[in-house]
Amino acid sequence: MSFIRSNVHTHTLFCDGLDTMEDMIISAVKNNYDTLGFSFHSYVCFDTDNCIKSYPSYIEEYKRLKVLYENEINLLNGVELDLFGEKPDNYDFIIGSVHYFNEGGKFYSVDYSRKDFKKTVDSVFNGNVYKAIEAYYLEVEYMINNLKPDIIGHFDLITRFNKNNDFFDENSYEYKKILEKTLLNIPDYKTAEINLGRFIKGEGDIYPSQNLLSMLNEKHFKFMLSLDAHRKEVFSFDFKEIIKRLKQSNIKSLCCYKGNNLVDFEI
Ligand SMILES: [Zn+2]
Ligand SMILES: [Zn+2]
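Below or above, wherever it landed, is the structure these notes cover.

Things to note about the overall build of the protein chain
At step 1: Counting its secondary structure elements, the protein chain contains eight helices and 11 strands.
At step 2: Relative to its length of 267 residues, the protein chain is compact, with a C-alpha radius of gyration of 18 Å against a globular reference of 18 Å.
At step 3: In terms of its C-alpha atoms, the protein chain occupies a principal-axis envelope of roughly 55 × 40 × 30 Å.
At step 4: Every one of the 267 residues in the protein chain was classed for burial, and the buried ones make up 38%.
At step 5: Counting only contacts in the protein chain whose residues sit at least 6 apart along the sequence, the fraction spanning at least 24 positions is 71%.

Take a look at the structure:
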């Protein structure tokens, strides 16, 4: 099977996206997408600015658009379920993600801003970034084993502000050791996204990093391309260079949703 334009990591005005659901659909159709899945941020009581605003209005709008665009694109109703988020009643797929540290009963964002991340490392982890990394990956491990998501979202979000290894050396022995321990404690053959959100914004590389990607590949993980779309323009993204790079990393196939079916295709 050849390359399929499909994206199931899509945010809209119902959470922290910048465009309406309908505008996202129109842009995806214009760019020849076969399948578009919506994945709002699940409800968390401590970060109501970024999570789903009103689930009933969301689902009503989704149902209206699903009928309206049924001849143009396959729409799916998914969720980006945070480790601490509320699981909705109905969904076509779950992207499981970790966005917060939970320390001493309080929640701190992993990816809100660089300044905020530094403050958290300093005040919560006594300035020891490796303690923050360990805490993050313990949550990732717990999330994978307990939420059992269909897709693992941005596996190494902890690197969000680590451009130029500003906070820690991603090639260091310490970091590799933490990754190895995490991978030992989760099953093989899972599906992880290759999340292009940060890369498309020009703020850093893809998730997972090159090292982690190879480690997951050795664990027979499947990979799914994901725009982590927050605005309609990203559907014009050209995947050619990324695919070339993935091939060089010895990745032979990718998977995606084609309608409700999860399918593999060679690259
Ligand atoms: Zn996320
Ligand atoms: Zn997202």
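Quick word on unusual backbone geometry
At step 1: Cis geometry marks the peptide bond from Tyr207 to Pro208; its omega dihedral reads -5°.
At step 2: Positive phi, normally seen in glycine, also occurs at Tyr189, with a value near 60°.
At step 3: On the secondary structure map, Tyr189 appears in the loop between helix H5 (173–184) and strand S8 (191–195).

Considerations on the nonpolar core
At step 1: Ranked by size, the top nonpolar core spans 62 residues in total, and within it Ala28, Phe40, Ile52, Tyr136, Val140 and Met224 carry the most contacts.
At step 2: Counting residues per element, this core draws most heavily on helix H4 (residues 129–147), which supplies seven residues.
At step 3: Not counting the four nearest positions on each side in its chain, Phe40 is found in contact with His11, Phe14, Cys15, Ile52, Tyr58, Val79 and Glu80.

Side note on helix H2 (residues 55–68)
At step 1: In this model H2 runs 20 Å from its N-terminal to its C-terminal C-alpha over 14 residues, within 8% of the 20 Å that 1.5 Å per residue would give.
At step 2: Burial analysis of H2 places just one of its 14 residues in the buried class, a small minority of the element.

Structural notes on the environment of Glu141
At step 1: Tracing the backbone through its elements, the reader meets Glu141 in helix H4.
At step 2: For Glu141 and Leu184, which are 43 residues apart along the polypeptide, the C-alpha to C-alpha distance reads 9.5 Å.
At step 3: Residues in contact with Glu141, not counting those within four places in the same chain, are Thr182, Asn185 and Ile186.

Regarding the pairing of strand S9 (residues 222–226)
At step 1: Burial analysis of S9 places four of its five residues in the buried class, which makes it a mostly covered element.
At step 2: Bridging between S8 and S9 involves five bridges; their strand directions are parallel. Bridge pairing in S9 links Thr191 to Lys222.

Comments concerning H4
At step 1: End to end, H4 covers 26 Å across 19 residues, agreeing with the expected 27 Å (1.5 Å per residue, within 8%).
At step 2: Taken together, the buried positions of H4 are Ala132, Ile133, Tyr136, Tyr137, Glu139, Val140, Met143 and Ile144. End-on, the buried residues of H4 take up no more than an arc of 155°, which puts them together on one face. Turned more than 90 degrees away from the buried face of H4, the exposed residues are Asn145 and Asn146.
At step 3: Residues of H4 that are buried in the fold lie against strand S4 (93–97), strand S5 (100–103), helix H3 (114–124), strand S7 (151–152) and H5.
At step 4: Positive backbone phi, at 45°, marks Lys148, one or two positions downstream of H4.

Looking at the packing of H4 against H5
At step 1: At their nearest, the axes of H4 and H5 sit 10 Å apart, and the two run at 15° to each other. As far as their axial angle goes, H5 and H4 are roughly parallel. Crossing geometry of H4 relative to H5 is assigned as right-handed. Contacts between H4 and H5 involve Tyr130, Ile133, Glu134, Tyr137, Val140 and Glu141 from the former and Glu174, Tyr175, Ile178 and Thr182 from the latter.
At step 2: Looking at side-chain class alone, the contact of H4 with H5 contains six nonpolar, one polar and three charged residues.

Observations regarding the packing of helix H1 (residues 21–30) against H2
For any two helices packed against each other, one specifies the inter-axial angle together with the distance between the axes.
At step 1: Closest axis-to-axis distance for the H1/H2 pair is 10 Å, and the angle between their directions is 30°. If you check the angle between H1 and H2, you find them roughly parallel. Our pair here, H1 against H2, has a crossing hand that is right-handed. Note on element contacts: H2 touches H1 through Glu61, Tyr62 and Leu65, opposite Met21, Glu22 and Ile25.

Rules used throughout
- Residues numbered from 1 in each chain as written.
- Chains lettered and ligands numbered in written order.
- Predicted model: local features only at pLDDT ≥ 70, side-chain atom pairs only at ≥ 80, totals over all residues.
- Helix = DSSP H or I, 4+ residues; strand = E, 2+ residues; numbered from the N terminus.
- Rg over C-alpha atoms; globule rule 2.2 N^0.38 Å.
- Buried ≥ 20, exposed ≤ 12 C-beta atoms within 10 Å, placed from the backbone.
- Contact = placed C-beta atoms within 7 Å.
- Core = buried A, V, L, I, M, F, W, Y, C linked by C-beta atoms within 7 Å.
- Expected span 1.5 Å × (residues − 1).
- Pairing = 2+ DSSP bridges.
- Arc of directions from axis to C-beta.
- Axes fitted to C-alpha atoms, helices over the stretch in contact; angles between N-to-C directions.
- Parallel < 35°, antiparallel > 145°, perpendicular 65-115°, else oblique.
- Left-handed = near helix turned anticlockwise from the far one by under 90°.
- Nonpolar A, V, L, I, M, F, W, Y, C, P; charged D, E, K, R; others polar.

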